[in-house]
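Coordinates in review
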Amino acid sequence: MARKSHPYNRRPLHPNFLKRRLGHDYNRPARYLVTIMKAPDTGTLSRVVGNPAFRSPHPEAPSTQLTEEGRFVEMALEKWCGQFPQLRVEKHVIMPDHVHLCVFVHVYLECGLSRAVANLMGKTTRIRYDSLDDGCRPKTMTPFFDKGFNDKIAYKDEQWNRQLDYVEDNPRRCLIKRMFPEYYRNIWIVTSGDWRFYAIGNVFLLKNPDIQAVRFSRRFAAGEFERYVEIWRKSVANMGVLVSPFIHPKEKAMRDYAIENGAAIIRICEKGFEGRFAPQGKEFELMSKSRLLLVYPMVYENESKAVSYNKAQEMNGIAARIAATDWFGPEVRIRSCRR
């Protein structure tokens, strides 16, 4: 007999990015990328200046200039690190509306990460409150930060190094996103008949007359994949678009070939787009050059999981359908849902 699902224990309709990871011990040594959002009533924490064409340590590379509110955060961070010698802030950046911290808990943290970060948030609120003149100081303190925070755990050195680079590069990414809001700040809702999916990036790649679905299968006959590779390479040479989840190493190799030769790609994603989503690494640069579209047609999943065979097949089916659809047809509708 099929087991009935419990009416009070069901999947959330919307992702919650403030939840801690289930089963992880937040007291033990670990490395985290912590993100805290300012409260709506808190003023701007910094201004982002510089030229996004340059990277640090170039003198014109993008950087942040702290406002008075941002300096409160800096003061609180200094006191916080003194109070909690069990952790080190390896790198941080104070952006206009949020703060990123690369936190290395190197000794067992008795209170746990959640209480430690709450202490930092409370410290910042207190410092701002104490800075006010007695005559205009309210009876109660207004929270400086929004409730809760997001953490990403680094399980490997490679992840940790990416997080450190991400924080350092955050001002440049911010300026690029401001330059191309249609790519980074729009979620596109694409409909073709009774089929709908979500996309972010250059949605006009769907209008390319030559879209090729890239797929590797162990069921291919001898030499069949190589014949497809020749077709895909000709498409790249003619500035066509390759679409795929790019999971298998041979599919990734084809993706890299397309990127190196100036073509654009459409990638089918295994997870959805969170509220502040932006692609990472090479894909971020591709998006700024209008050479990337990310597609996600399923409901959002909070947890990162290994892609199963059935899920990979489903994603490959979506890629094939995108390549086969007439995106100039009367049933096609593309509308923007600005974040």
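Everything below is about the structure printed above this text.
Just so you know, these numbers come straight off a predicted model, no measurement behind them.

With that settled, the discussion passes to the packing of helix H1 (residues 68-83) against helix H2 (residues 112-131). Between H1 and H2, the least distance of the axes is 8 Å, while the angle of their chain directions is 130°. As the angle between them shows, H1 and H2 are arranged oblique. Considering the relative orientation of H1 and H2, their crossing is right-handed. Every residue of H2 that contacts H1 at Glu69, Phe72, Val73, Met75, Ala76, Leu77, Lys79, Trp80 and Gln83 is listed here: Ala116, Val117, Asn119, Leu120, Lys123, Thr124, Ile127, Arg128 and Ser131. Of the residues belonging to the contact of H1 with H2, the class tally is ten nonpolar, four polar and four charged.

Time to look at the packing of helix H3 (residues 157-179) against helix H7 (residues 281-288). The contact between H3 and H7 brings their axes to 10 Å, and the two run at 30°. For the element pair H3 / H7, the angle class is roughly parallel. Considering the relative orientation of H3 and H7, their crossing is left-handed. Between H3, through Arg172, Arg173, Ile176 and Lys177, and H7, the contact on the second element is made entirely by Phe284, Glu285 and Ser288. Considered class by class, the residues forming the contact of H3 with H7 number two nonpolar, one polar and four charged.

Next up on the list: the environment of Ile153. If you trace the backbone, Ile153 turns up in strand E6 (residues 150-154). When the C-alpha atoms of Ile153 and Ser244 are compared, they prove to be 28 Å apart, with 91 residues separating the residues in sequence. If we ignore the near neighbours within four places in the chain, the residues touching Ile153 are Arg21, His24, Tyr26, Arg31, Tyr32, Gln159 and Gln163.

One finds Tyr32, Val34, Ile36, Trp80, Leu87 and Leu101 to be the most contacted residues of the largest nonpolar core, which totals 29 residues. No other element matches the six residues that H2 contributes to this core. Of all hydrophobic cores here, the second largest spans 28 residues; its members include Tyr183, Phe216, Val229 and Ala278.

Here we come to the sheet that holds strand E5 (residues 98-105). Spatially, the four strands line up as an open sheet ordered E4-E5-E1-E6, and their pairing is antiparallel. A single partner strand is all that each edge strand has here, and the edge strands are strand E4 (87-94) and E6. For this sheet, the mean inter-axis angle between neighbouring strands, taken without regard to orientation, is 20°.

Attention shifts here to helix H5 (residues 224-237). The first and last C-alpha atoms of H5 sit 20 Å apart over 14 residues, in line with the 20 Å expected at 1.5 Å per residue. All of the buried residues along H5 are Phe225, Val229, Trp232, Ser235 and Val236. In a view along the axis of H5, the buried residues occupy a sector of 120°, so they form one face of it. Those residues of H5 that are exposed and angled more than 90 degrees off the buried face are Arg227, Lys234 and Ala237. Where H5 is buried, its residues contact strand E9 (211-213), strand E10 (241-244) and helix H6 (249-260). Within two residues after H5, Met239 carries a phi angle of roughly 60°, on the positive side.

We now examine the environment of Phe216. Position of Phe216 among the secondary structure elements: in the loop between E9 and H5. C-alpha of Phe216 to C-alpha of Pro138: the two residues are 78 residues apart in sequence and 65 Å apart in space. Other than its neighbours up to four places away in sequence, Phe216 contacts Phe225, His248, Lys250 and Glu251.

In this section: H3. Counted at 1.5 Å a residue, the expected span for H3 with its 23 residues is 33 Å, and the 32 Å between its end C-alpha atoms agrees. At Asn170, H3 shows its maximal bend, which comes to roughly 55°, and the proline Pro171 appears one to four places after that position.

This next bit is on unusual backbone geometry. A cis amide bond links Ser56 with the next residue in sequence, Pro57, at an omega value of 15°. Assignment of secondary structure puts Pro57 in the loop between strand E2 (46-49) and strand E3 (63-66). Even without a glycine there, the phi angle at Met239 is positive, about 60°. Among the residues examined, Met239 registers a relative accessible area of 48% and is labelled partly exposed. Non-glycine residue Phe246 carries a positive phi angle of around 50°. Given the relative accessible area of 3%, Phe246 is considered buried.

Let's shift gears to the pattern of salt bridges. Scanning all chains against the criterion turns up 15 salt bridges. The partner of Arg321 in a salt bridge is Asp194, and the shortest N-O contact between them spans 3.9 Å. Separated by 127 residues along the polypeptide, Arg321 in helix H8 (residues 309-324) and Asp194 in the loop between strand E7 (186-192) and strand E8 (195-201) bring together distant segments of the chain. Arg321 sits in the partly exposed class, given a relative accessible area of 38%. Across the pair Asp256 and Arg255 runs a salt bridge, and its minimum N-O distance is 3.1 Å.

Reading the values: rules and limits
- Residues numbered from 1 in each chain as written.
- Predicted model: local features only at pLDDT ≥ 70, side-chain atom pairs only at ≥ 80, totals over all residues.
- Heavy atoms only, no water.
- Axes fitted to C-alpha atoms, helices over the stretch in contact; angles between N-to-C directions.
- Helix = DSSP H or I, 4+ residues; strand = E, 2+ residues; numbered from the N terminus.
- Parallel < 35°, antiparallel > 145°, perpendicular 65-115°, else oblique.
- Left-handed = near helix turned anticlockwise from the far one by under 90°.
- Contact = heavy atoms within 4.5 Å.
- Nonpolar A, V, L, I, M, F, W, Y, C, P; charged D, E, K, R; others polar.
- Core = buried A, V, L, I, M, F, W, Y, C linked by side-chain atoms within 4.5 Å.
- Buried < 20%, exposed > 50% of the residue type's maximum accessible area, 1.4 Å probe, protein only.
- Pairing = 2+ DSSP bridges.
- Expected span 1.5 Å × (residues − 1).
- Arc of directions from axis to C-beta.
- Bend = angle between axes of the 7 residues up to and from the residue.
- Salt bridge = Lys/Arg side-chain N within 4 Å of Asp/Glu carboxyl O.

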